[in-house]
Each structure stands twice: as structure tokens, then as C-alpha cells.
Amino acid sequence: MYIFMNQKDYLKQQHRKNFITGILFLTPTLVIFSMFILFPVLFSFFLSFHKWNMFSSSQSFIGFANYQRLLTDPEFWQVLKQTIMYTLGTVPLNMVIALFLAMMLNKKIKGKSFLRTAFFTPVIISPVAAALIWRWIYDPNFGLLNYATGLFGIPPVNWLNDSRAAMAALIIMGVWKTLGINMVLFSAGLQGIPDTYYEAAEMDGAGRWSKFWNITLPMLTPTTFFIMIMSMISSFQVFDIVYVLTSGGPMGSTKVMVFYMYEYAFKFFEMGYASAVAYIFFAMLAILTLLQVKYMRTRSGYEGI
Amino acid sequence: MKKFLTVLLVGCILFTACDRKQKQSENGVVTITFWHSFVASTILALEDLISQFEKEHPGIKINAQYVPTGDALIQKLITAIQSKTAPDISWIHSDFLADLVDADAIYEMAHFINGENGLSQEELSDIYPALMQYASLRKKIYSIPMEATNLALIYNKDLLRKAGYDAERPPQTWEELKEYALTLSEDYNHDGNYDQIGFFVPVYPASGPLSGWMMWQWVPYLWQAGGYIVNEAQTKVLYNSEAGVQALTLWKEIYNSLNLSSFTVDYDVAFASQRVAMSMDGPWNLPRFNKIMKNIDWAFAPLPEGPKKRATVVGGEYLVIFKQSPHPDESWAFIKWIIRPDVQARWAMKSGYLPVRQSVKSIPEFARYLEENPNFKVFVDQMEVAQAQRPLDNFGLQITRHIAEAIEAATLGGMDPQEALNRSAQKSNKLLKSVQNNK
């Protein structure tokens with residue numbers, strides 16, 4: 001059939017055919033992506049310049065009023081501060097413990113696979129169920145946590161009803177919930193370090209600490225970097241456990257950004273304002289991630305992301 | 001084959017699309033879709049009500065659809081309005097009235113009330129005025145109450161007796177409420193926390209799901225002290241007045257002296273296990289309490305009288321008719337029928353809700369029912385002093401939230417009541433001012 005075509009035309013046609021086949025294969029994904037991700041993303045950008053309560057069929061344009069109102073709302077800054085506090089509380093703690101556990105489980109110890117499963121289980125428990133369990137753990141009268149600390153003579157803390165303790169309660173649960181996934185990632189990273197380095201270091205008489213600082217940590221940099229960015233993004237976006245554990249209380253002391261956005265969108269039906277919050281928040285996260293990528297590249301020469 | 005499949009697919013889509021339209025005009029019978037969120041125990045009463053209506057109106061069929069929880073219902077309504085598949089009638093919380101009116105989604109009731117099959121002035125004024133106030137927005141009626149509720153004091157008679165009180169005389173004033181609350185509290189194990197609570201003050205996170213419920217229970221105290229939520233012109237909130245401070249101080253004093261921030265048991269569970277002596281609740285729980293609390297001696301009583309007057313708050317469910325409905329007149333016929341006194345009496349006795357019309361009390365069967373059910377009678381009698389929490393014409397949801405924040409801050413957060421209320425009022429006034437500026 002293609003005998004009469006020259007080589008170039010033939011290739012061109014093949015190329016076009018491949019392209020069409022490719023697009024056809026991608027269609028289901030593209031349709032779903034544009035309907036449920038691309039369209040909402042663009043539409044909420046449009047909404048952020050409008051006033052809309054979701055009931056009415058049209059949106060009224062109000063320019064930058066939503067953004068202006070947001071930046072002058074003291075509650076927005078309060079919520080931002082609390083979101084940063086939550087992130088600064090969970091991410092470093094989470095990473096240190098996850099690395100420690102990964103190193104412990106990388107050794108030949110008894111019950112290794114059981115322990116690994118045990119630490120990973122919280123990740124796959126539904127956040128709502130987990131938060132309900134933690135509500136009981138934190139109960140001031142019958143809770144396990146106060147019972148346990150009471151054994152050491154520490155006076156009981158009203159975890160969820162005390163505005164100073166509630167954020168700590170949230171952070172503890174947040175760390176517990178996401179520890180497992182980071183532990184598994186660190187484990188994978190550790191297994192990727194060739195034993196020869198350690199052997200060579202031992203020949204030179206390096207101790208445990210020296211091996212950790214000079215081999216393990218530098219070799220883990222790509223993993224650490226990946227975990228840091230992913231944990232920061234997910235901590236900034238925490239919502240479900242806040243909703244169930246504290247509902248943002250007491251006195252709004254655990255209200256985080258996504259919760260604030262949710263309230264305006266689905267409690268007060270101010271879709272435009274909620275969209276503006278979403279976009280400001282998105283911009284902040286994007287800038288933060290870019291800064292991290294840039295910093296880490298210059299520091300470690302890592303080009304992974 | 002391919003062609004066949006395509007035709008089949010298109011056929012399916014068309015069929016689903018047409019399904020709704022066809023249903024509504026089957027051999028001359030009009031079907032009215034009615035969305036509601038009644039609790040499971042009420043649905044039997046509703047079915048009884050609907051079958052009665054259909055018997056009297058052979059040309060109209062009611063298709064009642066249950067949507068669990070009011071929050072889900074409002075989400076469903078939003079989707080339905082946008083996709084032009086709104087029901088004919090829906091049950092709504094008046095919190096959302098302003099949004100529905102702004103979107104021009106529902107009829108103003110005057111359209112029907114002044115129509116051919118309308119309501120007379122006597123009939124209209126027979127409905128409790130507080131309910132009509134709750135049903136209106138910006139001085140226009142947009143919904144019709146289907147039933148009423150209000151808030152009363154629930155107390156455990158045995159615990160009152162044990163403390164040496166007359167079990168038939170629960171606290172009558174704020175002073176007595178405070179005194180009873182303290183006397184009825186017991187610390188069995190002497191750990192500094194009360195194991196039995198005299199009076200449960202319902203404080204919940206202002207940003208949580210029970211925020212509105214907390215605010216609803218506090219408002220009667222504001223009114224009892226002679227206060228108002230907002231001024232007549234709705235340009236300024238008044239809840240931070242002297243009355244507001246008094247009401248919040250009462251709550252704060254009881255809350256603090258009973259150390260309620262460490263009391264974490266759900267109040268109804270605690271009441272059923274005799275760990276709470278007094279609390280507040282509404283008539284919708286009567287059927288349930290009658291069933292689950294047989295082992296204890298409990299009763300409802302009117303809320304104590306405040307420094308200025310008696311007051312309680314009305315709630316209840318309100319029916320709206322959507323402009324998308326192809327059968328507004330038949331929908332109105334259903335609503336008009338539901339508020340007929342004899343229907344109201346029947347519905348109240350079956351469902352445990354209160355009738356919306358004052359004349360129902362003079363129906364002999366209902367009067368007899370009241371004598372037999374003293375707890376239910378407490379609520380019906382209280383309707384005389386019931387007030388409406390709304391109408392708030394604008395930003396009702398946010399202003400409710402602000403009040404809840406003040407309650408939480410003063411009780412749980414230990415803030416001075418005046419300061420807590422002022423902070424919230426400042427936020428509310430800022431919103432109300434923005435309405436003025438946009439006019």
C-alpha cells in the first residue's frame with residue numbers, strides 16, 4: 001500500500017498514526033484529568049475574583065476584593081502561623097524518628113517484619129478512625145496518655161480542651177500517622193548504600209558516629225530531600241485529622257489553612273473567598289518548594305527532582 | 001456491532017435524562033418530590049402523614065426522599081439547583097434561607113398566600129409569630145414551618161430528691177439554677193473532678209459541628225436577660241450588651257465551678273447513666289428518651305426565668321418551594337394541608353414535634369394527649385415565650401459563629417465575658433457594615 005510513497009512521507013504518516021494512537025490511549029486519563037483536576041483548578045482561579053455562594057447561577061466579579069480581604073483578616077495570619085507551627089512540629093520530628101527506626105530495622109534483629117508492619121499500620125488506617133482512637137487516648141479522665149504520664153508523676157493534661165496542649169496533641173498524632181511511610185522510604189535509601197563504603201571506613205577505624213555522619217547521612221541526601229519536600233507539603237495540607245480530632249478548637253488554636261478554606265467554602269458558602277485562600281496558599285507552597293529545590297541543589301549537587 | 005453499542009449508549013443516556021420528566025405526568029397524577037432529613041424515628045409518622053394526604057388528594061402523589069443530615073441535604077440542593085433538578089419542596093434550615101433567596105431559587109410565599117388557594121389573615125396569625133419570624137427573611141415570608149421545637153430543661157428527679165430538693169420543683173431562676181448546679185455535683189473519688197455534674201453547660205468548639213447547637217442553647221439566656229442579637233435595622237449586633245454579658249457570665253460561672261472542661265462524656269449518655277442531673281434538650285428526643293431511659297425518673301421543665309423575663313428558642317423545620325418546580329401550586333397544596341390544625345395535631349402526636357398553630361391546643365384529642373404526656377406539654381406551653389433566633393438578613397452563618405466563638409472563649413478559654421463578646425461583635429459589625437457599604 002505504501003509502495004508509491006517516498007520514505008519521508010511514509011515516516012510522516014507513521015508518525016501521525018502513532019500520535020493518534022497515543023492520544024487515543026491517553027484519552028480516558030486526559031478526560032478524567034481535565035474534568036476533575038484541570039477544570040476545577042482553573043475554575044477556582046476564576047472564582048477567586050468573584051463572589052459566589054454556589055446556589056446562584058452566576059458569579060459577580062469583584063476584582064481583587066477577596067485577596068484584599070484575606071490579607072487584612074487577622075484570622076488568616078493566625079491560621080497561617082498555626083499551619084507553620086504544625087509543619088515545623090511534625091516534619092523534623094517525623095524525619096528523625098523515621099530515620100532512627102529505619103536504621104534499627106535495617107539491622108538483623110528478631111521480629112523485624114512484625115515491627116515494620118506495626119510501624120507502617122498507622123499509614124493505612126483511615127484518618128477518621130485513627131483520629132477517633134486518639135480522641136480516646138487524649139481523654140483527660142479515661143485516656144491512656146494521661147494514665148501513662150501519670151505513672152511518672154506528671155499531672156494530667158487536658159489535651160484537647162487546652163489551647164496550649166491541643167497543637168501538641170495534633171503534632172503527636174500527625175507524627176504517628178505518617179511515620180511509617182517515611183520509615184519505609186528511609187529503609188529503601190539505606191539499602192541502596194553499598195556495604196563497601198562501610199567496610200572501607202571500618203578499615204580506617206571509623207566509629208559508629210563517624211560512619212553515620214560521613215557515609216549514611218550524605219548517601220541518604222536524595223532520600224532525605226525527597227521526604228522533606230513531600231512531608232512539608234502534606235503537613236501544610238493537613239485536614240482530616242484536624243477535623244475529627246479537634247475541629248480546629250479550642251478557641252481556633254488548631255485551625256489550619258485547609259480547615260479555614262473548608263469553612264469558608266462549605267460552611268459559609270463563600271466560594272470566591274475560599275478560592276482566593278487556596279491560590280494564596282498554593283503560591284506559598286510553590287515558592288517554598290522552589291526555594292528548597294534550589295537550596296538543596298547547590299548544597300548537594302543533587303539533580304533528582 | 002459498534003453502531004449498535006453507540007445507539008444503546010445514547011439511548012441509555014436519553015432515557016435517564018427523560019426519566020424525571022415522565023414520572024411527573026403519569027396519567028394525570030402529579031408527583032411532588034419532597035426532600036427532608038427527618039430522623040429515622042420520625043419517618044414512620046411522615047409516611048402516615050403522606051398517605052393521609054394522598055388519600056385526600058387523589059391527583060397528587062408525594063415522593064418523599066430522605067437525605068441523611070441537614071449538611072448533606074444542603075450540598076445535594078446546591079448540586080440540584082445548578083443542574084436544574086431541584087425538588088419541588090424541600091426542608092431547609094433557615095440558616096440557608098438567605099443564600100437561596102439571593103440565588104432566586106425559591107418562591108416568596110406571598111405568591112401562594114395571596115393566591116386563590118391562599119391563607120387568611122387569621123390562619124396566618126394562628127401560626128406562632130416566632131415561627132413566622134424564623135420563616136421569613138428581610139420581612140418577607142419565604143418558607144412555612146412544618147413543625148416546631150424549642151428548648152427546655154431536662155432533669156433527673158431521683159438526684160434532686162437525693163440532694164434534698166423537691167423533685168417537682170426544678171430551678172425557677174438563674175440564682176436557683178446556679179445553686180442547684182453546685183449542690184447536685186458530686187466528686188465521688190475526691191480527685192478534684194466532679195463525677196456527677198449538676199448542670200451540663202453545652203460548650204463545644206466554635207469551629208466544630210456542634211457550634212450552632214451551642215449557640216442555639218445560649219440565646220434563650222440572652223433574651224431572658226432582656227438582650228437582642230441584632231438591632232431592628234440589622235446594621236449592628238447587640239449581643240455584647242449588658243444582657244449578653246449577664247447571660248455569658250451565668251454560663252461561665254457554672255462551667256468553671258463544675259470544672260466542665262474535663263468532663264468529656266456526651267451529655268445524653270451521661271444523663272442516662274445518672275452522671276448529669278440537669279441539662280437542656282428539645283422535644284425531638286422525647287420518643288427516644290422514653291424508650292432508653294426507663295430505669296431513671298426524669299422530666300422536662302421550662303427553662304428557668306431570667307432577670308428580665310421567661311424565654312426559650314424555637315427551631316423546627318421549614319418548607320420551601322423551588323422555582324424550578326413544574327408544579328408549584330400542587331406543592332403549595334401539600335404545604336397548606338400540612339399546617340391545617342387537625343393535620344398538625346395528628347403529626348405532632350405521631351412525631352413528637354410541636355404543632356405550629358396555636359389553635360391545635362383546643363382540639364379535644366390533642367388536649368387529652370397533652371394531659372397524658374406532661375413532658376410534651378412543657379414544650380407546647382413554652383411556645384408562648386418562645387422567640388426566634390433569626391432572621392438575620394445577611395451573614396447569619398458567620399454571626400452565629402462569632403457568638404459561638406465568644407461563648408467558647410469565655411467558658412473554656414477563661415476570657416472575660418465582656419471582652420469575648422466585644423471581640424466577636426467587632427467582627428460581626430464589620431460584616432454588617434460591608435453590607436451597608438455595598439447598598
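About the thresholds
- Every chain's residues receive numbers from 1 upward, in the order its sequence appears when written.
- Each chain is given a letter, starting from A, and each ligand a number, starting from 1, according to the order in which they appear as written.
- Where local features are concerned, this predicted model is filtered to residues with pLDDT of at least 70; where side-chain atom pairs are given and counted, the filter is 80 or more; whole-chain, interface and lining totals use all residues.
- For the side-chain quantities, the full set of heavy atoms in the structure was used; hydrogens and water were omitted.
- The helix count covers DSSP runs of H or I at least four residues long, the strand count covers runs of E at least two residues long, and both are numbered beginning at the N terminus.
- Note on method: radius of gyration uses C-alpha positions; expected globular size equals 2.2 Å times residues raised to 0.38.
- Per-residue accessibility, obtained with a 1.4 Å probe over protein chains only, is compared with the maximum for each type, and a residue is labelled buried under 20%, exposed over 50%, and partly exposed between these values.
- Should any heavy atoms of two residues lie within 4.5 Å, those residues are counted as being in contact.
- The protein chains shown are the only cover counted for residues, whose accessible areas, like all others here, come from Shrake-Rupley with a 1.4 Å probe.
- A domain assignment, automatic or from a database, supplies the domain bounds used here.
- Here's the idea: put two parts together, see how much 1.4 Å probe accessible area each one loses, and the total over both is what we call buried area.
- The term polar contact refers here to a pair of N or O atoms within 3.5 Å; inside protein, the definition further demands a hydrogen-donor-capable atom paired with an acceptor-capable atom, and it admits residues adjacent in sequence only when both atoms are side-chain atoms.
- A pair of Phe, Tyr and Trp rings is counted when the ring centres sit within 6.5 Å of each other, with Trp represented by its six-membered ring. The angle between the planes then sorts it: under 30 degrees is stacked, over 60 is edge-to-face, the rest tilted.
- Each residue after the first adds 1.5 Å to the expected span of a helix.
- Salt bridge, as used here, is a side-chain nitrogen of Lys or Arg placed within 4 Å of a carboxyl oxygen of Asp or Glu.
- For this scheme, ten residues count as nonpolar: Ala, Val, Leu, Ile, Met, Phe, Trp, Tyr, Cys and Pro. Four count as charged, namely Asp, Glu, Lys and Arg, and the remainder, Gly too, count as polar.
- Whether two strands pair comes down to DSSP finding at least two bridges between them.
- Each patch is built from residues that are more than 30% exposed by relative accessible area and take part in no salt bridge. Like charges join if they lie within 9 Å; nonpolar side chains (Val, Leu, Ile, Met, Phe, Trp, Tyr) join within 5 Å.
- Helix axes use the C-alpha atoms of the stretch in contact, all axes being lines fitted to C-alpha atoms, and the angles between their N-to-C directions lie in the range 0 to 180 degrees.
- In what follows, roughly perpendicular refers to angles from 65 to 115 degrees, roughly parallel to angles under 35, roughly antiparallel to angles over 145, and oblique to any angle outside these ranges.

What follows is about the overall build of chain A. The number of helices and strands found in chain A is 13 helices and 2 strands. For a compact globule of 305 residues, the expected C-alpha radius of gyration is about 19 Å, and chain A comes in at 25 Å, more than 25% above that figure. Scored against the burial criterion, the 305 residues of chain A give a buried share of 41%. Pairs at least 24 apart in sequence give 65% of the contacts found in chain A among residues at least 6 apart. As displayed, chain A has an accessible area near 17900 Å², and 71% of this comes from carbon and sulfur atoms.

Residue and element names in this part refer to chain B. By the burial criterion, the buried members of helix α15 (residues 341-351) are V343, Q344, A345, W347, A348 and S351. Buried-residue contacts for α15 involve α2 (40-56), β7 (144-147), α13 (286-292), α14 (328-338), α16 (364-372) and α17 (374-382). Residue G352 follows α15 closely and has a positive phi angle near 90°.

All names here are of chain B. Assigned domains of chain B: these are domain 1 (30-150 + 315-387) and domain 2 (152-313 + 391-437). Summed over the three residues of domain 1 that lose the most area to domain 2, namely N375, F379 and Q387, the buried surface amounts to 30% of that side. Summed over the shared surface of domain 1 and domain 2, the result is 7 residue pairs in polar contact (both at pLDDT 80 or more). Among the secondary structure elements, those contributing two or more residues to the side of domain 1 that touches domain 2 are α4 (97-102), β5 (136-137), α17 and β14 (386-387).

Summed over all chains, the structure comprises 55 aromatic pairs over all chains. On the basis of an interplanar angle of 20° and a centroid distance of 6.3 Å, the ring pair of W209(A) and W213(A) is categorised as stacked. On the criterion of helical spacing, the pair formed by W209(A) and W213(A) is a turn pair, its members being 4 residues apart in helix α9 (residues 208-219). With a centroid separation of 6.2 Å and an interplanar angle of 75°, the aromatic rings of F366(B) and F376(B) are classed as edge-to-face. Here F366(B) is found in helix α16, whereas its partner F376(B) is found in helix α17, with 10 residues between them in sequence. The burial state of F366(B) is the same as that of F376(B); both residues are buried. Here the aromatic residues F45(A), F49(A), F64(A), Y67(A), Y279(A) and F282(A) are joined through ring pairs into a cluster of three or more.

Before going further, it helps to spend a moment on helix α11 (residues 242-257) of chain B. Residues and elements named next belong to chain B. Counted at 1.5 Å a residue, the expected span for α11 with its 16 residues is 22 Å, and the 22 Å between its end C-alpha atoms agrees. Looking at the buried residues of α11, the elements they touch are α9 (174-183), β9 (197-199), α10 (211-224), β10 (276-281), α18 (396-411) and α19 (417-438). Looking one or two places after α11, you find N259, whose phi comes out positive at around 50°.

For the rest of this paragraph, the subject is the interface of chain A and chain B. With 28 residues of chain A at the interface, the matching set in chain B holds 29 residues. Per-residue buried area on chain A facing chain B is highest for F55(A), M251(A) and F268(A); these three make up 29% of the total on that side. There are 1 salt bridge connecting chain A and chain B. Notably, a salt bridge pairs E263(A) with R401(B), separated by 2.6 Å at the nearest N-O pair. Remark: the boundary between chain A and chain B carries 12 residue pairs in polar contact (both at pLDDT 80 or more). When residues in the side of chain A that touches chain B are grouped by element, the largest group, 5 residues, is from helix α12 (residues 257-267) of chain A. Grouping the amino acids of the side of chain A that touches chain B by side-chain chemistry returns 12 nonpolar, 10 polar and 6 charged.

All right, on to the side chain of S235(A) then. Residues and elements named next belong to chain A. Within the secondary structure layout, S235 lies in helix α10 (residues 221-236). Polar side-chain contacts of S235 include one of 2.7 Å to the backbone oxygen of S231. In contact with S235, other than residues within four places in its own chain, are Y86, T87, T90 and V91.

Moving on to the pairing of strand β11 (residues 298-301) of chain B. All names here are of chain B. Because side chains alternate across β11, one face comprises the buried residues W298 and F300, and the other comprises A299 and A301, equally buried. One ladder, built from 4 bridges, connects strand β8 (residues 152-156) with β11; its direction is antiparallel. In the sheet register, N156 faces β11, and the bridge partner there is W298.

Before going further, it helps to spend a moment on a nonpolar patch on the surface. Residues and elements named next belong to chain A. On the surface, V31, I32, F33, M35, F36, I37, L38, V41 and L42 cluster together into a nonpolar patch covering about 850 Å² of accessible area. Here F36 shows up in helix α1 (residues 7-47). The class for F36 is exposed, based on a relative accessible area of 57%.

Angle between the axes and distance between the axes are the two parameters that describe a pair of packed helices. All names here are of chain B. Packing of α10 against α18 brings their axes to within 9 Å, and their N-to-C directions diverge by 80°. Comparing their axes, α18 and α10 come out roughly perpendicular. Counted together, S211, M214, M215 and W218 of α10 and T400, R401, I403, A404, I407 and E408 of α18 form the full contact between these two elements. Split into classes, the residues belonging to the contact of α10 with α18 amount to 6 nonpolar, 2 polar and 2 charged.

All right, on to the domain arrangement of chain A then. Interface extent is often summarised as the accessible area lost during association of the parts. Residues and elements named next belong to chain A. When its domains are assigned, chain A resolves into domain 1 (2-47) and domain 2 (66-303). With 5 residues of domain 1 at the interface, the matching set in domain 2 holds 5 residues. Surface buried jointly by domain 1 and domain 2 totals about 400 Å² across both partners, of which 58% is contributed by carbon and sulfur atoms. The largest per-residue losses of area from domain 1 upon contact with domain 2 belong to S44, F45 and L47, which jointly make up 90% of the total buried on that side.

On to the sheet that holds β9(B). Residue and element names in this part refer to chain B. If you walk across this open sheet you meet the 4 strands as β9-β10-β8-β11, and the pairing is mixed. Single-partner strands in this sheet number two, and they are β9 and β11. Neighbour-to-neighbour, the strand axes of this sheet turn through a mean angle of 30°, independent of strand direction.

Turning next to unusual backbone geometry. Omega for the peptide link from G249(A) to P250(A) comes to -10°, which places this bond in the cis form. Mapping P250(A) onto the fold places it in the loop between α11 (240-245) and α12. Not every positive phi belongs to a glycine, and K139(B) is a case in point at roughly 65°. The topology assignment puts K139(B) in the loop between β5 and β6 (140-141). Although it is not a glycine, F395(B) sits at a positive phi angle of roughly 55°. For F395(B), a relative accessible area of 21% translates into the label partly exposed.

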